[in-house]
Each structure stands twice: as structure tokens, then as C-alpha cells.
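Okay, here's what each chain looks like letter by letter:
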Amino acid sequence: MKATLIVRRYDPESGKPPYDQTYTVAVGESEVVLDALIKIREEQDGSLALRCSCRSAICGSCAMNMNGHPGLACKTKVAALSPHGEPVQVGPGGNLPVIKDLVVDMGPFWSKVRQVTPWLRPGAPPPANEEYRVPNERMLDLSGMMACIMCGACVMACTVLEAEQGQGGKPDEGFLGPAALAKALRFVGDPRDGTSRERLEALMGGGGIWDCTHCFECVQRCPKGVAPMDRILELRRRAVDAGFTDHNGVRHAQAFVDSIRKHGQLDENYLARKSVTFGELFQMMPVALRMLLAGKMPPMFPHNLPGDSREDVKRIFEAMEEEKPA
Amino acid sequence: MRGSRLPPAGGVPRIAPLSGPADGRLAILQHDVLVIGAGLAGMRAAIEAQRNGADVAVISKVHPVRSHSNAAQGGINAALGRVEGDTWEVHAEDTVKGSDWLGDQDSIEIMARDAGENILELEHMGVVFNRDKDGRLAVRSFGGASKQRTFFVADFTGQAMLHVLYEQLLKSGVRIYEEWFVTSLIVENGTCGGVVALEIRTGRVEAIRAKAVILCVGGIGRVYEPSTNALICTGDGIAQAYRVGAPVMDMEMIQYHPTTLKSNGALITEGARGEGATLVNSKGERFLSNPRYGTTNKMELASRDVISRAEQIEINEGRGVDGCVLLDCRHLGEKLIREKLSQIREMGLDFANVDIVKAPIPIRPGMHYIMGGIKTDSEGQTKVPGLYAAGECACVSVHGANRLGANSLLDTIVFGRRSGAHAAKAAKGMSLPAVPETRADLDRKHIEELKARRGGEPSARIRLEMGRLMNDRVSVFRDKAGLEGALEKLRELKSRGKRISLTDRGTVFNTDLIFALELDFMLDVAETIVASALFRAESRGAHTRMDFPKRDDEKWLKHTLASWTPDGPKMDTLPVTITRWPPKERKY
Amino acid sequence: MKFAWFPGCVSRGACRELYASVKAVAPILGLELTEMTEAACTGAGVISEHSPGVADALNARTFAMAQKMGLPVMNNCSTCMGVMAGVQARLGGDGTALGRVNGVLKAEALEYKPPVRVTNFLWVLVEDVGLEKLKSLVKRPLRGVRLGPFYGCYILRPEANLGFGEKPERGKYLEQVIAACGGDPVDYEGKDKCCGFPILTMNRKNSLSMAGDHLLEARGNGAHGLVTPCPLCHLNLDAQQPDAAKVKGQRIDLPILHLPQLVGLALGLEPKDLGLGKHIVSTRPLLDRAGVGG
């Protein structure tokens with residue numbers, strides 16, 4: 001079939017802003033966007049710049065935006081993006097500076113990875129002449145994170161990074177982002193590492209685990225099933241378990257949990273009060289006032305479940321709360 | 001266009017943070033040890049060289065974790081005594097037999113003996129090897145091995161190791177020249193004194209001086225089309241070494257992997273067969289039980305050359321399925337596939353529309369690996385003083401005429417480490433070799449000429465012609481007429497290669513230029529492969545000559561050696577080192 | 001079309017106009033809703049962060065109740081939808097997690113036997129009521145009203161949990177419903193991004209900036225208002241809009257409709273019955289444009 005690709009191009013030496021160029025290329029049914037781009041490069045336009053290498057979703061070079069969402073060009077079928085022959089839009093991934101055409105500067109990406117001290121720090125010298133003894137389940141869990149190929153698709157999709165850069169933030173500052181944080185759990189969760197507490201403590205601050213907005217973009221876009229957001233939530237759980245609780249994120253979660261435990265339903269007033277520090281409560285006064293005036297203030301006495309149900313909910317908490325994931 | 005809410009923030013290329021004079025010119029770039037390539041061999045060499053006190057830098061045309069070591073799926077071999085009766089000697093013997101007795105047994109002994117220690121060290125660095133029920137390192141079966149001794153991380157062992165070595169490289173603080181393309185090796189007065197390299201992002205060309213240069217540049221897969229290899233595997237460094245007087249050895253020994261996908265040549269790990277997957281033809285027969293193939297004992301776990309030959313015969317004789325045979329994993333069950341073969345399941349779905357849990361997957365032999373390479377000793381030293389090589393680009397030789405699965409990762413680690421240590425020690429007592437100040441100008445001039453040339457063919461056309469020619473004439477089965485024709489055609493391609501021209505004449509991230517430079521190197525590599533294949537008049541390991549179908553130990557228990565001359569490769573032979581395993585008949 | 005209706009906490013708290021408007025439009029659309037008054041909160045992703053086991057059990061309890069009623073579950077909140085779908089996926093594995101959960105539910109004589117159909121008001125409009133039927137019921141087409149869809153993350157991602165394999169159009173339903181109601185859907189990038197609500201108390205600036213970016217982008221593309229199936233998004237886009245405007249340094253004034261409010265207007269219901277006066281950002285300009293009196 002014939003595919004039409006609209007490629008966002010940019011040549012930093014031309015002095016011109018980015019522009020779109022349309023190419024038409026023959027592709028097979030199971031061919032991927034990278035096949036189409038390589039054909040364009042080989043047969044039509046040798047000046048098209050992109051990174052690619054392995055063609056089998058393992059080297060992580062070819063993450064880019066396709067129809068507005070980042071993914072690996074070598075793993076995304078043209079037919080899936082263009083079931084009825086619609087033009088496919090191809091552009092550089094977001095949240096990273098563009099160098100040329102589809103090539104972005106991965107520098108900020110790596111600088112954030114470096115910020116999580118991405119190497120094993122054993123607590124003691126390794127065992128002599130043998131391996132560390134570790135249950136296979138722990139290793140399988142870690143290999144789920146090691147499956148990350150550092151392609152950057154999650155970072156390109158991250159809505160928090162987008163918001164920060166929309167406010168003028170620099171790509172190598174602010175939120176550490178999904179890839180670096182998933183990498184952090186790879187060490188926090190490694191029984192061979194002796195510095196889990198230090199690592200967790202470092203992640204409690206600004207730009208750390210509590211800045212994730214839970215939008216599932218990284219989970220959806222990750223081409224390797226690493227599910228970075230789930231890893232961030234796991235880090236939060238581990239941080240709380242390790243006793244790091246001085247954060248609005250923790251207060252919010254505790255208040256939420258308390259409310260459900262008690263009422264089976266959410267008490268929004270309680271949640272709002274308990275989720276912030278005393279000083280921040282003042283910031284919220286105008287919102288509260290506005291809501292009151294509009295008749296939107298949540299009821300002072302929250303909607304409760306019937307008594308039996310509240311008992312049932314309590315029982316669930318008692319039975320299940322202690323069960324920590326491995 | 002969606003996804004372009006924010007304008008590109010990186011308008012002007014940012015100069016990489018190099019310390020230099022305030023006027024923006026670079027400081028003189030120099031190191032004790034310069035490692036070219038940042039795959040497993042390169043990073044392991046760099047880490048070891050630094051441990052030995054050297055000032056080390058790594059230079060790579062791609063970011064380290066993009067290196068092709070990623071693609072090694074199945075595992076890494078070591079006789080750590082996981083299975084009764086396994087010792088390093090048994091591992092060495094298996095390797096010798098796998099090599100069809102062309103491997104040098106002194107080097108094979110070193111590799112097998114050092115294997116265990118190296119794997120434990122990797123584990124201590126943080127590689128997340130799969131475990132057994134006691135929490136110890138688990139092993140799986142692999143082709144050509146008489147005992148289970150393959151350690152693994154699911155089916156992405158190479159990636160898991162590569163990322164951990166990158167972690168260690170970051171920890172070490174070794175300087176990384178990332179996305180710099182080496183254009184030539186500097187050899188003055190017969191000694192290697194560094195490289196000239198192009199920073200892809202800015203287009204600047206600089207000389208980087210060093211007391212020792214270690215080539216860890218990987219394989220040559222793109223000389224073939226198709227190949228399991230990544231697009232970066234273009235053998236640049238092999239050609240560069242060859243041109244400065246380091247001979248290449250056993251270049252005819254090209255491994256065709258038995259299980260590659262038809263659609264894009266991608267690799268399905270031997271680990272699948274290690275876990276019990278079977279090979280069947282169109283009639284549903286496990287054809288490896290046919291005595292003609294010499295595989296009745298080990299069946300799917302015979303050596304790669306043997307199985308690829310059998311598959312090709314099945315296909316040629318009409319028992320294939322659309323140019324393939326079938327790999328059947330169904331009986332392994334979804335749980336095992338999820339835990340140990342997840343990545344290839346993904347690849348089957350992505351690239352062949354087959355879920356290996358539910359259906360057999362069509363596969364065929366595909367170009368995968370070169371056993372030959374730059375001739376080195378067991379410390380990685382080439383014939384050129386100061387120039388080392390390790391990993392796939394080198395020929396120590398531990399793989400001989402056929403490499404066993406899961407010995408390539410081991411090769412990178414063992415010999416990467418040895419060359420790093422040797423180079424660092426050698427550099428200690430040395431001063432930097434003298435290099436003329438204008439040395440980089442030669443390469444700058446070459447690039448400017450290339451950019452200025454008009455009206456020629458694009459490099460891709462010649463590369464694809466070369467690749468198809470090689471896959472057609474220099475594959476599983478070869479003969480004199482085909483090879484001679486290939487040599488003639490290659491010479492034509494070489495002369496056309498001198499006249500190519502570029503579409504992109506810019507300086508920033510000019511991949512068109514990189515591909516043109518790579519093509520020039522690949523054509524030299526191709527020529528040595530064909531010349532060596534023509535030279536070896538016997539069949540051994542991966543090299544099957546239809547016109548010389550038997551192994552001929554009398555005449556050819558020898559390495560082939562190709563040296564650069566202006567008129568093409570000059571062929572020679574070298575004896576094979578036999579320590580304790582004299583040649584025998586090879587059956588699996 | 002009978003459903004066990006799970007209204008969720010927020011529609012009985014800060015967004016009571018959502019509860020009212022679902023109730024108001026259901027009979028006209030032919031939906032028979034039995035409200036699940038005993039079902040607990042889904043946990044909104046916060047409980048599962050704290051303890052996945054608790055979240056699984058709370059939702060399995062809701063599913064089991066619906067199964068006892070012999071009805072599919074319908075919620076009216078993207079977040080509830082996503083959490084329920086996530087629990088369905090987790091409890092659909094090898095049975096270990098399900099066994100533990102059912103062990104706890106035994107005490108109240110409940111058992112969750114997967115699968116159960118869990119859907120939401122948006123999907124019901126398209127998949128059960130049907131767009132043609134909806135069109136035929138429209139009494140007051142919102143001609144000339146340009147509306148931007150705002151989905152909410154949980155109803156879109158991860159697609160694997162949310163049936164996008166079988167129904168890939170689920171990412172376009174809002175536009176389809178807006179069009180069926182006679183309005184003009186406005187395209188903009190923010191439509192499927194995060195409203196910022198989950199980090200409101202943790203990183204207020206980023207949270208408000210997210211809301212502000214999407215609101216301004218939609219307005220810039222000509223929207224007269226947004227429509228959302230998620231009350232949590234509504235809180236950040238409507239109740240927090242004045243603060244988002246401050247963070248972005250621009251006036252926004254973009255009214256945000258709950259999905260059933262849009263449907264109710266098109267069906268000819270009165271703004272009062274749909275709680276359209278209970279918004280922070282006045283819906284009046286939008287109503288005027290639609291020719292709806294006061």
C-alpha cells in the first residue's frame with residue numbers, strides 16, 4: 001500500500017523554523033514507521049535525520065512522535081496508525097530539545113537518570129567466590145525494570161514535564177520523570193543494594209516521586225511494558241513504609257485512606273483540610289469560598305454508607321491492608 | 001501537528017561540555033587509553049583500564065546503551081559447576097568442537113577458565129540474572145553445549161548486561177565521547193597514536209591522541225542484506241585497522257543463525273530451543289532426526305552452522321514454508337514463555353503477527369555474526385603496536401569456524417577486560433606518540449571533498465547491492481564461481497563507491513555523511529570476506545564450499561589471513577594452536 | 001437498559017450537579033438505574049497506591065453486589081472507570097488475588113465471579129443508547145456551540161485495561177456525543193491529557209498550570225466550553241479555573257460542562273434541573289449561545 005507521511009522537519013543551520021514535509025512511500029502490511037522512514041531516506045531524501053539502529057525494539061534509538069504520541073518507530077505499524085490510508089504525522093518526541101528533524105537532545109534525559117545515582121551500592125563487600133543469594137521472584141521483578149531500554153518515550157509523553165516546560169522550566173530541571181524514577185526503583189528494590197533509605201529520602205523532595213500526576217501516559221507509551229508510573233507508586237509506598245511521611249502527598253493519601261476506612265466514602269472537606277500544611281490551608285480559602293457561594297461546598301457531614309456496609313469496609317481494611325506486595 | 005505544542009528548544013547545537021581555551025577552541029584531546037565502541041567489550045575494557053590507573057575515554061558513534069550487544073538474548077556461558085561434571089575444560093572442549101577445530105586452544109582455555117570469575121563479577125555489579133529455587137544463578141541449555149552452563153536474564157541478557165556496565169561506566173566517571181564517529185586511526189612510525197573523529201552533532205573533526213587504542217567496534221552485519229545485526233554494525237573499525245596494517249583473520253567465517261524472522265531478519269534467541277522449542281518442516285517432521293544432518297543426539301541443540309545448513313537443505317528441497325521452516329514453542333506453555341521468552345513473544349507479535357504461545361513461527365537462517373576479525377593475541381594486541389581489539393571485531397581466535405551460542409557475550413567480557421588491563425599497563429611507562437598537528441586535516445579534507453561532489457549515486461543503493469550480493473553468494477553454501485563473480489562485482493561497487501554524492505551537505509547531525517563514510521569501510525570488509533572464502537578450499541564450520549564439501553585438516557587446519565595492499569587483500573595462512581584436543585569427526 | 005449505578009463520591013459531594021443531571025437524563029434515554037447505595041469508594045487510585053489489596057477488595061465487593069443484582073455496573077466518572085477496570089485486570093489473572101479477595105467478601109455472603117461488565121455514562125451513550133437514538137431524542141440541538149472534549153486520563157489509559165482493542169473508537173466518543181447533541185467538537189491537544197487534579201495539593205503550580213494550558217489551548221482553538229465525563233477533572237478545570245488563570249497570567253472564563261449536563265441541555269431539560277448554576281465559571285454565556293433561556 002501507499003503511505004503518506006507528514007514529517008516535521010527542522011534544520012538548525014537554515015535559520016528557518018520547523019516545517020512539515022510530505023512524503024509518499026510504498027509499505028507492506030506489516031511494515032513499521034521506521035521501515036517507511038528508512039525508505040524515504042534511502043530512496044527519496046538522504047537529508048532526513050533520525051536515529052535508528054536495531055530495528056527490533058531493543059536499542060531504544062528511534063523513539064519519536066507518531067500521530068502525536070511517542071513510541072518506537074520500529075515497533076509501530078504504519079497500518080495501525082493509518083487504517084484507511086490517512087496521512088501519518090511524524091515528529092520529534094516532546095519535552096526534549098530538537099537537534100535536527102527527528103533527532104532530539106537526550107542530554108536532559110540522561111542528566112536526570114544520573115541524578116538517581118544509577119549504579120548498585122552494596123551495603124557490604126560482595127560474597128567471596130559466589131553470587132548474592134536472592135529469591136528468583138525478586139530478580140524477575142527487577143528484570144521487569146531492567147527491560148527499560150531508555151528510549152525516552154515515557155519522558156516525551158510525560159504531562160508533568162510538559163507543564164513544567166510550559167512554564168519556562170528547563171528540560172534538565174524539575175520533575176525527574178518516569179524513566180529516571182523507574183531506574184531508581186531498580187536499585188531501591190534490589191536486595192543487593194545497601195542504600196535504599198538514602199535513595200528514598202532523596203526522592204521525597206521537589207521533582208521526586210510525589211510530583212507524578214498519575215496520568216498513565218508513560219504506562220501507555222512505554223514500548224517495553226515497564227509501566228514507569230506503577231514503579232513510581234511503588235516507590236511512594238516504600239518511602240511511606242520507610243517512615244518518610246513529611247509530605248503533602250503522604251498527608252493526602254493518609255487522609256484519603258482514613259476517610260474511606262471510616263465512612264466507606266470520601267469526606268472531601270476532611271481530605272482538603274488534611275492534605276496540606278496549615279499555611280497552605282490559607283491558599284485554599286478563596287477556592288473554598290467560591291465553592292460555598294456556588295453551592296458546591298461538599299456537605300459538612302459526609303455521605304456515609306449504611307452501618308452494615310461501613311463494617312464491611314472496615315473488615316476489608318483489616319484483612320487486606322497488611323498484605324504488602326513482594 | 002499534534003505533539004508540537006512547544007517550539008523546539010534546541011535551536012542552536014549545544015557544544016558538548018569540553019574543557020578548553022576560553023576562545024572556544026578545544027583543548028588538545030588526549031588520553032592514556034582510548035576505547036572505540038561502547039558495547040560490552042568496550043565498556044568492560046574501559047572500566048578495567050581505569051582500574052589499572054589509566055586516564056581512559058570511550059568514543060562511540062551511538063550512545064553506549066544503543067550498542068548492538070543489546071541484541072544478545074539467550075545468555076552467557078561459564079562452567080561454574082552448576083551441573084555435575086561440568087568444568088572449564090569441558091566448556092573449552094565444547095567450544096573447540098563447536099569451532100570445528102579452527103579455534104586457537106590456548107585462547108579458548110583462557111576464556112573458559114576466566115568465565116566463572118567474570119560472571120560473578122557481573123552479578124556483583126548488579127546484573128539481574130535469573131535464579132534457581134535456592135536463589136543461586138540459574139542455568140539453561142544452549143546449542144553445542146554438553147552441559148547446562150548458560151546464565152541468563154530472561155531473553156534479554158545482552159541488554160541487561162549492557163545497561164549494568166553503563167551504570168558502572170557512569171560510576172567510574174570515564175570520559176565518554178558520545179555520538180562521535182571515528183574516521184581514521186592515527187598511525188605514525190608504525191605505532192598507533194590515537195584517532196581522528198567527527199562529532200556528529202556539531203560536525204567538527206578532531207584528532208584525539210592516545211597511548212593505546214582499543215577497538216571494540218562490533219560486527220559487520222550490514223555488509224549483508226538482510227542481517228540480524230543493527231544498522232550500526234558496519235565494521236568501520238575493522239576496515240580502519242586493516243588499512244593501517246593490522247591483518248584480519250578467518251573473515252570467511254560468517255555465522256548464519258538458524259532462527260531469524262523473514263520479515264526484517266530479526267533474531268529469535270537460541271534460548272527458545274534451549275528451553276525446548278522444536279524445529280519442524282512443512283510436513284510437520286522434526287527434520288533434525290534425519291541422520292544425514294549428524295544431529296540425531298542433540299537435535300535442536302546442535303551447533304548453529306549444522307542446523308542452519310539442515311534448514312537450508314529442507315527449504316531448498318521443497319519442505320519449507322514460504323522460504324522458512326517452523327519453530328514451535330507452543331508446548332512450553334504460557335508461563336514459561338512469559339518468564340523466560342517474553343521479548344521474543346513480543347517480537348513475534350510485532351514483526352511476524354504470530355503469538356508463539358499459540359502458533360509455530362516461521363524462521364530461516366540469517367546472517368548473524370562474524371567469527372573472523374582483526375587478528376589479536378590473547379591480550380588483545382594486534383600487529384600494530386598500541387592498537388588493540390576485543391569483542392566481535394577481533395579474532396583471538398576463540399570461535400574458529402563456528403561460534404557457540406552464549407560464547408559471544410563471554411568473549412566480549414573476558415577479552416575486553418584483558419585488553420583494558422594490558423593497554424593500561426602498557427600506557428603507564430609511555431609518553432604520547434608524536435602526531436603531526438595537521439593530521440586531522442586529512443580527514444577534514446576528505447569529508448569536504450565528499451560533500452562537494454555532485455551528481456553521483458546515493459550510498460544506500462551501493463550498500464544494498466553489496467548486501468544482497470553477499471547474502472546471495474557468500475551465505476550458507478558457497479562455490480568458486482559464485483565467489484569469483486562476487487569479487488568482480490565488489491570491485492565494480494568499490495569504484496562506484498568512490499563517486500557517490502550526498503543529499504545533505506550540512507554539518508549538524510549529517511547522517512547522510514556518516515552512511516557514506518561507513519559504506520567505504522564496508523566495501524573493504526566485504527572484499528576481505530569474499531577473498532578469504534575463495535581462498536579456503538574446504539568446508540569447515542560455517543564455511544561450506546559446494547566444490548570442496550569435506551573438511552580438509554591436512555591442508556586447511558589453518559587460519560586465513562588477509563592483509564591490505566593497494567591492489568586488494570593479500571592472502572596468507574597461520575597455524576592453529578592445538579593444546580589438548582586434536583581434531584575429530586564432528587557430530588551432535 | 002438496566003444498570004447498577006455507581007455514582008461515586010464526588011457526584012454526591014462537591015459535584016452534586018453531576019448526580020442530579022445523570023438522574024435527570026436517564027429516564028429520557030431509557031436507562032433504568034438502580035443506585036448502589038451500599039457500594040464503597042473505588043479508592044480513586046489513592047487506595048491502590050497505599051494498598052492494592054484493599055482497593056481490589058473494595059471494588060470486587062461492588063462488582064459482586066452488581067452480580068447479585070444481575071446488572072452491569074455503570075459509573076459516571078473517568079477515575080472510577082479506570083480504577084474499576086484496573087481491578088478487573090488485576091483480579092483476572094491466575095486466581096490467587098481473586099481467591100484472597102473472595103475470602104474476605106465471604107463474611108457478607110458476596111462473591112465476585114469475573115467477568116462483570118463495568119461501563120460508564122459516556123460508553124453507555126454510544127454503546128447502549130446509540131448515537132442515532134441519541135440524535136433522535138435531541139430537542140434542542142446546540143447549533144453553533146463549539147465544545148472541546150476533555151476525557152480524563154483514567155478513561156483512556158492504559159488502553160489494554162479499557163477495552164480499546166475491541167473498541168478503538170472509545171477515544172473519540174466525546175466528540176461523537178458532542179456532534180450528536182448538535183454541537184461542534186473542537187480539537188486540541190490537551191483533550192486527552194491530565195487536568196492536574198491529582199497533584200493539586202502536592203505541586204499546586206504544576207497542577208494549575210496543566211489545567212490552564214488545556215483551557216487556554218481549547219479557547220484558542222475556538223471552544224466556547226469544555227465537556228468532561230470526569231468530576232475530578234471538572235474540579236480542576238472549573239473550581240480551580242480562577243487560580244489556573246492566575247498562574248497563567250491570563251483570563252480564561254471557559255465554562256465546563258459535565259457530560260450529562262450537555263446531554264440534558266440537548267434533550268431539552270432546564271438548566272436548573274441540571275445544576276448549571278452550581279458552577280464556579282458561569283455557564284451563562286454558553287447557555288446564551290445555545291439559545292437556552294434562564
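None of these values were measured; they are calculated from a predicted model.

1. So, the pairing of strand S1 (residues 2-9) of chain A
Residues and elements named next belong to chain A.
Piece 1. Burial within S1 is extensive, with six of its eight residues counted as buried.
Piece 2. As paired elements, S1 and strand S2 (residues 19-26) share eight bridges and run antiparallel to each other. Note that in S2 the partner of Val7 across the bridge is Gln21.
Piece 3. Across three bridges, the pairing between S1 and strand S5 (residues 88-91) is parallel. Bridged to Ile6 within S5 is Gln89.

2. With respect to the state of the cysteines
Piece 1. Summed over all chains, the structure comprises zero disulfides over all chains.
Piece 2. The thiol of Cys212 of chain A is not disulfide-bonded; the next cysteine sulfur, from Cys218 of chain A, is found 6.3 Å away.
Piece 3. Of all cysteine sulfurs in the structure, the one in Cys216 of chain B sits closest to Cys393 of chain B, which takes part in no disulfide; the separation is 6.0 Å.

3. With respect to the interface of chain A and chain B
Piece 1. The partner chain B presents 76 residues to the 82 residues of chain A that form the contact.
Piece 2. Counting the surface lost from both chain A and chain B, the interface buries some 6300 Å², and carbon and sulfur atoms represent 53% of this.
Piece 3. The three residues of chain A that bury the most area against chain B are Arg55, Ile58 and Glu131 of chain A, which together make up 11% of that side's buried surface.
Piece 4. Put simply, chain A and chain B have 13 salt bridges between them.
Piece 5. The salt bridge partner of Glu167 of chain B is Arg186 of chain A, with a shortest N-O separation of 3.3 Å.
Piece 6. For the side of chain A that touches chain B, the secondary-structure elements that each account for two or more residues are S1, helix H1 (33-44), S5, strand S6 (98-100), helix H3 (107-115), helix H4 (136-146), helix H6 (159-166) and helix H7 (178-188) of chain A.
Piece 7. Broken down by element, the residue count for the side of chain A that touches chain B peaks at six residues, all from H4 of chain A.
Piece 8. When its residues are assigned to classes, the side of chain A that touches chain B shows 41 nonpolar, 19 polar and 22 charged.

4. A short note on the side chain of Asn248 of chain A
Piece 1. With respect to the helices and strands, the residue Asn248 of chain A is situated in helix H11 (residues 248-263).
Piece 2. Among the residues examined, Asn248 of chain A registers a relative accessible area of 7% and is labelled buried.
Piece 3. Within the local environment of Asn248 of chain A, its side chain forms a polar contact with the side chain of Glu280 of chain A, the two groups lying 2.8 Å apart.
Piece 4. If we ignore the near neighbours within four places in the chain, the residues touching Asn248 of chain A are Ser275, Val276, Thr277 and Glu280 of chain A together with Thr201 and Met202 of chain C.

5. Describing the side chain of Asn77 of chain B
Residue and element names in this part refer to chain B.
Piece 1. Examined against the element boundaries, Asn77 turns out to sit in strand S3 (residues 76-77).
Piece 2. Its relative accessible area of 2% is what places Asn77 among the buried residues.
Piece 3. Side chain to side chain, Asn77 and Thr150 meet in a polar contact 2.6 Å long.
Piece 4. For Asn77, the side chain forms a polar contact with the side chain of Asn407, separated by 3.0 Å.
Piece 5. Beyond its immediate chain neighbours, meaning those up to four positions away, Asn77 contacts His91, Ala115, Ile119, Arg149, Thr150, Gly405, Ala406, Asn407 and Leu410.

6. Things to note about unusual backbone geometry
Piece 1. Glu225 of chain B connects to Pro226 of chain B through a cis peptide bond whose omega is 0 degrees.
Piece 2. Cis geometry marks the peptide bond from Pro114 of chain C to Pro115 of chain C, where omega comes out at 0 degrees.
Piece 3. In this fold, Pro115 of chain C is placed in the loop between helix H5 (96-105) and strand S4 (118-120).
Piece 4. Unusually for a residue other than glycine, Thr117 of chain A sits at a positive phi of about 50 degrees.
Piece 5. Note that Thr117 of chain A resides in the loop between H3 and H4.
Piece 6. Under the relative-accessibility criterion, Thr117 of chain A is labelled partly exposed at 21%.

7. Structural notes on the domain arrangement of chain A
Piece 1. Domain boundaries in chain A define domain 1 (2-103), domain 2 (108-241) and domain 3 (248-323).
Piece 2. Computed from C-alpha coordinates alone, the two centres of domain 2 of chain A and domain 3 of chain A are separated by 30 Å.

8. Quick notes on the packing of helix H11 (residues 439-452) of chain B against helix H14 (residues 511-535) of chain B
Residue and element names in this part refer to chain B.
Piece 1. Interhelical geometry of H11 versus H14 gives an angle of 110 degrees and a closest axis separation of 11 Å. Considering their axes alone, H11 and H14 lie roughly perpendicular with respect to each other. When you trace H11 past H14, the crossing you get is right-handed. From H11, His446, Ile447, Leu450 and Lys451 reach across to H14, where they touch Leu513, Ala516 and Leu517.
Piece 2. For the contact of H11 with H14, the per-class residue count stands at five nonpolar, one polar and one charged.

9. Considerations on helix H8 (residues 196-203) of chain A
Helical geometry note: an α-helix holds 3.6 residues per turn, so side chains three or four residues apart project in the same direction.
Residue and element names in this part refer to chain A.
Piece 1. Within the sequence span of H8, burial applies to Arg199, Leu200 and Leu203. Looking straight down H8, one finds that the buried residues subtend no more than 95 degrees of arc, so they occupy a single side. Exposed side of H8, more than 90 degrees from the buried face: Glu201 and Ala202 are the residues found there.
Piece 2. Of the surrounding secondary structure, the elements contacted by the buried residues of H8 are H7 and helix H10 (228-241).

10. Quick notes on the domain arrangement of chain B
Residues and elements named next belong to chain B.
Piece 1. You can read the domains of chain B as domain 1 (29-71 + 161-254 + 369-428), domain 2 (76-156) and domain 3 (257-367).
Piece 2. Look at where the C-alpha atoms of domain 1 and domain 3 centre, and you get two points 32 Å apart.
Piece 3. At the junction of the two partners, domain 1 supplies 14 residues and domain 3 supplies eleven residues.
Piece 4. Buried area between domain 1 and domain 3, both sides added, is near 910 Å², and the carbon and sulfur share of it is 56%.
Piece 5. When the area that domain 1 buries against domain 3 is broken down by residue, the three leading residues are Pro226, Thr228 and Asn402, summing to 47%.
Piece 6. Seen at the junction of domain 1 and domain 3, the total is zero salt bridges.
Piece 7. On inspection of domain 1 and its partner domain 3, the count reaches four residue pairs in polar contact (both at pLDDT 80 or more).

11. As for the nonpolar core
Piece 1. Of all hydrophobic cores here, the largest spans 315 residues; its most connected members are Leu37 of chain A together with Val263 of chain C.
Piece 2. The residues touching Leu37 of chain A, leaving out its near neighbours within four places in the chain, are Leu5, Val7, Leu48, Leu50, Met64, Val90 and Leu102 of chain A.
Piece 3. Within the second largest apolar cluster, 78 residues are counted, among which are Ile36, Tyr256, Leu502 and Val525 of chain B.

12. Brief notes about the sheet that holds strand S6 (residues 184-185) of chain C
Backbone-to-backbone hydrogen bonds pair the strands of a sheet. The strands run either parallel or antiparallel.
All names here are of chain C.
Piece 1. The sheet built from four strands is open, its strands ordered S6-S5-S7-S8 with parallel pairing. The open sheet has two edge strands, S6 and strand S8 (256-258), and neither has a second partner.
Piece 2. Where strand S5 (residues 146-149) lies against strand S7 (residues 225-228), three bridges are found, and the strand directions are parallel. Each bridged residue has a counterpart across the sheet, and for Leu147 the counterpart in S7 is Gly225.
Piece 3. Each of S5, S6 and S7 is contacted by helix H8 (residues 173-180), which is oriented at about 160 degrees to S5, the strand it contacts most.

Rules and cut-offs
Residues numbered from 1 in each chain as written. Chains lettered and ligands numbered in written order. Predicted model: local features only at pLDDT ≥ 70, side-chain atom pairs only at ≥ 80, totals over all residues. Heavy atoms only, no water. Buried < 20%, exposed > 50% of the residue type's maximum accessible area, 1.4 Å probe, protein only. Helix = DSSP H or I, 4+ residues; strand = E, 2+ residues; numbered from the N terminus. Pairing = 2+ DSSP bridges. Disulfide = S-S within 2.5 Å. Contact = heavy atoms within 4.5 Å. Buried area = accessible area lost by both parts, 1.4 Å probe. Salt bridge = Lys/Arg side-chain N within 4 Å of Asp/Glu carboxyl O. Nonpolar A, V, L, I, M, F, W, Y, C, P; charged D, E, K, R; others polar. Polar contact = N/O pair within 3.5 Å; in protein donor to acceptor, adjacent residues only side chain to side chain. Domains from an automatic or database assignment. Axes fitted to C-alpha atoms, helices over the stretch in contact; angles between N-to-C directions. Parallel < 35°, antiparallel > 145°, perpendicular 65-115°, else oblique. Left-handed = near helix turned anticlockwise from the far one by under 90°. Arc of directions from axis to C-beta. Core = buried A, V, L, I, M, F, W, Y, C linked by side-chain atoms within 4.5 Å.

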